[in-house]
Amino acid sequence: MSASAAPPTLTPAARRFALIGGSLGNLVEWYDWFVYASFAIYFADSFFPGANPTTKLLNTAGIFAVGFLMRPVGGWVLGRAADRHGRKSALTLTVTLMSVAALLIAVAPTYGQAGYFGALVLLLARLLQGLSIGGEYAASATYLTETSARNRRGLGSSFQYVSMTCGQLLGLAILITMQHTLTTAQLQSWGWRVPFVLGAVFALVVFRLRRRLTETEAFTEETGDGTDTARGSLTALWEHRREAGLVMALTLGGTVAYYTYTTYLTKYLIGSAGMAKSTATLVSFTALAVFAAIQPLAGMLSDRIGRRPLLITFAVGCTVGTYPIMTALGSAHSYWSALALSLLALVIVTGYTSINAAVKAELFPTRVRALGVALPYALANALFGGTAEYVALWFKDAGHEKMFFWYVSGCALVSLVTYVLMPDTRDAALSRAEADTDTGAGLAPAKAAG
């Protein structure tokens, strides 16, 4: 096919299958990623000796954060692969890497069995997971956005956080089930390994599904003549360094808020509010279920009114609302009060999560879109998202827990300034075909396509 030939239009059925394939794979990826945080309260004793429970959690949270350091590497390597060899091949590779990492955690020896070698295996697995997730975010964000109809990109990309959250919900559901069927001693002894075995099995199933996916039209039309050797390179990304900087700045507040109200929330309710582990887990599960359900609604809203209004609403709400919400959560002793506050926080965060994948993809041309989404996003996550839980526990251990609330608000404020100054990306043309449609209608394309 020539570079100028118009690729075949995806049928509605093909778009639905692409949405399912991209989303289910993303679900399994993030299930494996988040189940580490969900079960850390049970396996911390297995890898780190000592009597201080906060210190043990700091150690496991530190390894959780280290996993984020590999995300920029994964974003670079797999983002480049997605731009050069296709979104489909990158999606298949990421789920394979995650399956291997899950198996490593499942068989890691405890401190009593092999000393700190078990913690080393845990660290290696988290680094491998970080590599996988670094590429998964970009590949799935790009794939879901590119395979969506132009007037439904907000809706299509919202399923990235639907699947991310459902992955966490799956992990929490398994945790709740095991909490009600096993004793605490059994969970700490061997039960925590079960979800990682299941994660490896889930990943193998999704691997078969992703091999049947159709490549996106935007990528196919860019690879017709094969003359663009710089495609997916850091040199090509440097040409769009302003957009890369925007991705980092708009990610900052959203990633800190997201990890605060998801992965850290259960530990906060247990350690600061004094809530029972089972109750805190149920609060998180219910709040996340509602959170997942409202993502498509917000995505559809952005397709009608634009992306910036939702982003600005999130940033304002997070900047002024974090301190009172987190303070109230620290005093919440009942399921219903904690749930109401958690839902309030997650509704605010939805302004970011529902559309951030589309916004980032809409900032870049096809030749560098996956890398442009992946690398700056992964850098922002490594610096801020992955360290959010560690920073929170560090402030708590130092006796200044409420300083973390101001930290979250400050990060949101930086993003707020970015949202106010950046252009709205809703009408961006992601392919030459879309750009040609704009030209034929007498419109100036919102963004060059390639």
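Residues numbered from 1 in each chain as written. Predicted model: local features only at pLDDT ≥ 70, side-chain atom pairs only at ≥ 80, totals over all residues. Heavy atoms only, no water.

The subject of this paragraph is the overall build of the protein chain. For the protein chain, the helix and strand inventory stands at 21 helices and zero strands. Radius of gyration (C-alpha) of the protein chain: 21 Å, near the 22 Å computed for a compact globule of 450 residues. Each principal axis of the C-alpha atoms in the protein chain carries an extent, and together these give about 70 × 45 × 35 Å. Counting over 450 residues, the protein chain shows a buried share of 60%. Considering only contacts within the protein chain whose residues lie at least 6 apart along the sequence, 85% involve residues at least 24 apart. Total accessible area on the protein chain stands at roughly 16,400 Å², and carbon and sulfur atoms take up 67% of it. Positive and negative side-chain charges of the protein chain, numbering 33 and 24 respectively, have mean locations separated by a distance of 4 Å. (Helix = DSSP H or I, 4+ residues; strand = E, 2+ residues; numbered from the N terminus. Rg over C-alpha atoms; globule rule 2.2 N^0.38 Å. Buried < 20%, exposed > 50% of the residue type's maximum accessible area, 1.4 Å probe, protein only. Contact = heavy atoms within 4.5 Å. Areas by Shrake-Rupley, 256 points an atom, 1.4 Å probe, with all protein chains shown as cover. Lys, Arg positive; Asp, Glu negative; His and termini not counted. Charge placed at Lys NZ, Arg CZ, Asp CG, Glu CD.)

The next thing to look at is the environment of Met98. With respect to the element layout, Met98 can be found in helix H4 (residues 87-107). The sequence separation of Met98 and Leu155 amounts to 57 residues, and the corresponding C-alpha distance is 27 Å.

This part is about the nonpolar core. Core analysis: the largest hydrophobic core is formed by 106 residues, its most contacted members being Phe39, Phe43, Leu269 and Leu329. Counting residues per element, this core draws most heavily on helix H1 (residues 12-47), at twelve residues. Counting residues in each nonpolar core, the second largest holds eight residues, with Ala18, Ala90, Tyr143 and Leu213 among its members. (Core = buried A, V, L, I, M, F, W, Y, C linked by side-chain atoms within 4.5 Å.)

Let us now look at a nonpolar patch on the surface. On the surface, a nonpolar cluster with roughly 330 Å² of combined accessible area is contributed by Val73, Trp76, Val77 and Leu234. Among the residues examined, Trp76 registers a relative accessible area of 39% and is labelled partly exposed. (Patch = residues over 30% accessible without salt bridge, like charges linked within 9 Å, V, L, I, M, F, W, Y side chains within 5 Å. Salt bridge = Lys/Arg side-chain N within 4 Å of Asp/Glu carboxyl O.)

For the rest of this paragraph, the subject is the packing of helix H3 (residues 71-85) against H4. Think of two packed helices as two axes; the pair is described by the angle between the axes and how far apart they sit. Look at H3 against H4: their axes get within 7 Å of each other, and the N-to-C directions meet at 145°. The residues of H4 that touch H3, namely those facing Leu78, Ala82, Asp83 and His85, are Arg87, Ser89, Ala90, Leu93, Thr94 and Leu97. A class-by-class count of the residues in the contact of H3 with H4 yields five nonpolar, three polar and two charged. (Axes fitted to C-alpha atoms, helices over the stretch in contact; angles between N-to-C directions. Nonpolar A, V, L, I, M, F, W, Y, C, P; charged D, E, K, R; others polar.)

A few words on the side chain of Ser140. Along the chain, Ser140 falls in helix H6 (residues 117-146). Residue class for Ser140 comes out buried when judged on its relative accessible area of 1%. A polar side-chain atom of Ser140 sits 2.7 Å from a polar atom in the side chain of Gln160. Every residue in contact with Ser140, bar those within four places of it in the chain, is listed here: Asn26, Leu91 and Gln160. (Polar contact = N/O pair within 3.5 Å; in protein donor to acceptor, adjacent residues only side chain to side chain.)

The residue Ala370 is located in helix H18 (residues 369-385) in this model. In this structure the C-alpha to C-alpha distance between Ala370 and Lys360, which are ten residues apart in sequence, comes to 9.4 Å. Beyond its immediate chain neighbours, meaning those up to four positions away, Ala370 contacts Gly79, Ala82, Asp83, Arg87, Ala138 and Thr142.

Glancing now at the packing of aromatic side chains. Evaluated as defined, the whole model comprises 16 aromatic pairs. Taking 3.5 Å as the distance between ring centres and 10° as the angle between the ring planes, the aromatic pair formed by Tyr137 and Tyr377 counts as stacked. With Tyr137 in helix H6 and Tyr377 in helix H18, the pair connects residues that are 240 residues apart, well separated along the chain. The buried category is assigned to Tyr137, whose relative accessible area is 1%. The exposure class assigned to Tyr377 is buried, which follows from its relative accessible area of 3%. Both rings, one in Tyr268 and one in Phe405, keep their centres 6.1 Å apart while their planes meet at 90°; by these two values the pair is edge-to-face. (Phe/Tyr/Trp six-rings, centres within 6.5 Å; stacked < 30°, edge-to-face > 60°.)

Under the 1.5 Å per step criterion, the end-to-end length of helix H7 (residues 153-181) is 42 Å for 29 residues, consistent within 8% with the ideal 42 Å. In terms of residue burial, H7 counts as a mostly covered element, since 22 of its 29 residues are buried. (Expected span 1.5 Å × (residues − 1).)

Bringing the environment of Pro376 into the picture now. Tracing the backbone shows Pro376 in helix H18. Once residues lying within four places of it in the same chain are set aside, the contact partners of Pro376 are Ala244, Val247, Met248 and Leu371.

For the rest of this paragraph, the subject is the packing of helix H12 (residues 241-261) against H18. Contact geometry for H12 and H18: axes closest at 8 Å, N-to-C directions at 45°. The angle between the axes of H12 and H18 places the two elements in the oblique class. Regarding H12 and H18, the two cross each other, and that crossing is right-handed. Of H18, the residues touching H12 (which contributes Ala244, Val247, Met248, Thr251, Leu252, Thr255, Val256 and Tyr259) are Gly372, Val373, Pro376, Tyr377, Leu379, Ala380, Asn381, Leu383, Phe384 and Gly385. Residue classes in the contact of H12 with H18 are distributed as 13 nonpolar, five polar and no charged. (Parallel < 35°, antiparallel > 145°, perpendicular 65-115°, else oblique. Left-handed = near helix turned anticlockwise from the far one by under 90°.)

Looking at the protein chain, pLDDT values average 86 and 90% of them are 70 or higher. Scored below 50 in pLDDT, residues 1-7 makes eleven contacts in the model with residues more than four places away or belonging to other chains. (pLDDT = per-residue confidence, 0-100.)

Throughout the structure, instances matching the rule amount to ten salt bridges. For Asp303, the salt bridge is made with Arg307, and the minimal N-O distance between the two is 3.0 Å. Summarising the burial analysis for this pair, Asp303 and Arg307 share the class buried. In this structure, a network of salt bridges that share partners links the residues Asp83, Arg87, Glu146 and Arg369.

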